[in-house]
Amino acid sequence: MAESAMSRSVRLDHGEGEDPLARAVWRLRSRGCWEDAAALLSADAAQDAEVAVERAALLVERCLFTAAGWADAEDALRNAEALAVADEVRGAAACARGHLAYASTVLGVRDRADEARAALGRAAALLPPTAPGRALLDFRRGLVAEHLADNPQAARAAYRRAHAGATAHNNALLCSFTWRHLAGLALREGELTEARHGFAESLRLREELGYLVGMAPALAALADAEPEPEASRLRAEAQRLFRLLGGVPTWLESQLPAA
């Protein structure tokens, strides 16, 4: 199962910059409090297209982690799409639209695979190759290739482009996702050393960023590449964090030992 990465200003800040609003949004988001984080952006999102896209991305991420909140995410996306005028902002909105359709499909809520591909295709036409949002788009196209099309070769190419872009733009959070998914493909092919390295790098970045809501999936993923007894220790730690955060991401429960 895949996770999510998010958009420009909140994503790049990670709570370390000078903007107190961005720091507050990051603290809430990193702990899985997406509704509270989105509420902080509501006033500005009513008139600022870029903020509206950021708010919508938060609520889409909530859907992927909790399998809930679909109507709120749709409303937020429609607002963002209505406000967006500049191509780069329209592209970011289309990227978020594609991610919501992907989440609905991969979680078995409703098959929206064609919508996901179409929206990500629109985003590709709107986002310049050097735009900061291009790496996130490449990552999401990799998710579609891996989880909807079952095309690991195309997924690997997209994840590598995303990783290069995230590195170029100093986007450590997105790098944690690209490391994780490249490692997952390596594990699928039996490349344990490569998989272990990628999962460990993903976990390290999440620890450094304080991305608490992403820690349990990172621990569980690394456990799949480790021998016993280390694998059991990692899964037990993942379960502890999973329970601490109220059972999110919901899709992780089947991968953890029974409570």
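Above: the structure in question.
My aim in this report is to walk through the structure given alongside it, one point at a time. (Residues numbered from 1 in each chain as written. Predicted model: local features only at pLDDT ≥ 70, side-chain atom pairs only at ≥ 80, totals over all residues. Heavy atoms only, no water.)

**A few points about the overall build of the protein chain**
Right, on to step 1. Looking only at helices and strands, one finds 13 helices and zero strands in the protein chain.
Right, on to step 2. Its helices and strands in sequence order give the protein chain the pattern α-α-α-α-α-α-α-α-α-α-α-α-α, from N to C terminus.
Right, on to step 3. Radius of gyration (C-alpha) of the protein chain: 17 Å, near the 18 Å computed for a compact globule of 259 residues.
Right, on to step 4. Taken along the three principal axes of its C-alpha coordinates, the protein chain extends 55 × 35 × 35 Å.
Right, on to step 5. Here the protein chain, with 259 residues, has 53% of them falling under the buried criterion.
Right, on to step 6. Total accessible area computed for the protein chain in this model is approximately 10800 Å², and 51% of it derives from carbon and sulfur atoms.
Right, on to step 7. The protein chain carries 30 positive and 36 negative side-chain charges, and their two centres are separated by 2 Å. (Helix = DSSP H or I, 4+ residues; strand = E, 2+ residues; numbered from the N terminus. Rg over C-alpha atoms; globule rule 2.2 N^0.38 Å. Buried < 20%, exposed > 50% of the residue type's maximum accessible area, 1.4 Å probe, protein only. Areas by Shrake-Rupley, 256 points an atom, 1.4 Å probe, with all protein chains shown as cover. Lys, Arg positive; Asp, Glu negative; His and termini not counted. Charge placed at Lys NZ, Arg CZ, Asp CG, Glu CD.)

**Details of helix α11 (residues 192-209)**
Right, on to step 1. End to end, α11 covers 26 Å across 18 residues, agreeing with the expected 26 Å (1.5 Å per residue, within 8%).
Right, on to step 2. A195, G198, F199, E201, S202, L203, L205, R206 and L209 are the residues of α11 that are buried.
Right, on to step 3. On its buried face, α11 sits against α2 (20-30), α10 (172-188) and α12 (215-225).
Right, on to step 4. Downstream of α11 by one or two residues, G210 has phi in the positive range, about 75°. (Expected span 1.5 Å × (residues − 1). Contact = heavy atoms within 4.5 Å.)

**Focus: the pattern of salt bridges**
Right, on to step 1. Inspection of the entire model under this criterion finds 21 salt bridges.
Right, on to step 2. Between E35 and R62 there is a salt bridge, with the nearest N and O atoms lying 3.5 Å from each other. Placement of the pair is E35 in helix α3 (residues 34-45) and R62 in helix α4 (residues 49-66), with a sequence separation of 27 residues.
Right, on to step 3. Since its relative accessible area comes to 47%, E35 is described here as partly exposed.
Right, on to step 4. Between R62 and D72 there is a salt bridge; the shortest N-O distance is 3.5 Å. With R62 in helix α4 and D72 in helix α5 (residues 70-83), this residue pair connects regions lying ten residues apart in the sequence.
Right, on to step 5. Of the residues examined, R62 reaches a relative accessible area of 14% and is grouped as buried.
Right, on to step 6. Accessibility expressed as a relative area gives 39% for D72, which makes it partly exposed. (Salt bridge = Lys/Arg side-chain N within 4 Å of Asp/Glu carboxyl O.)

Distances and angles like these do not, on their own, reveal function.
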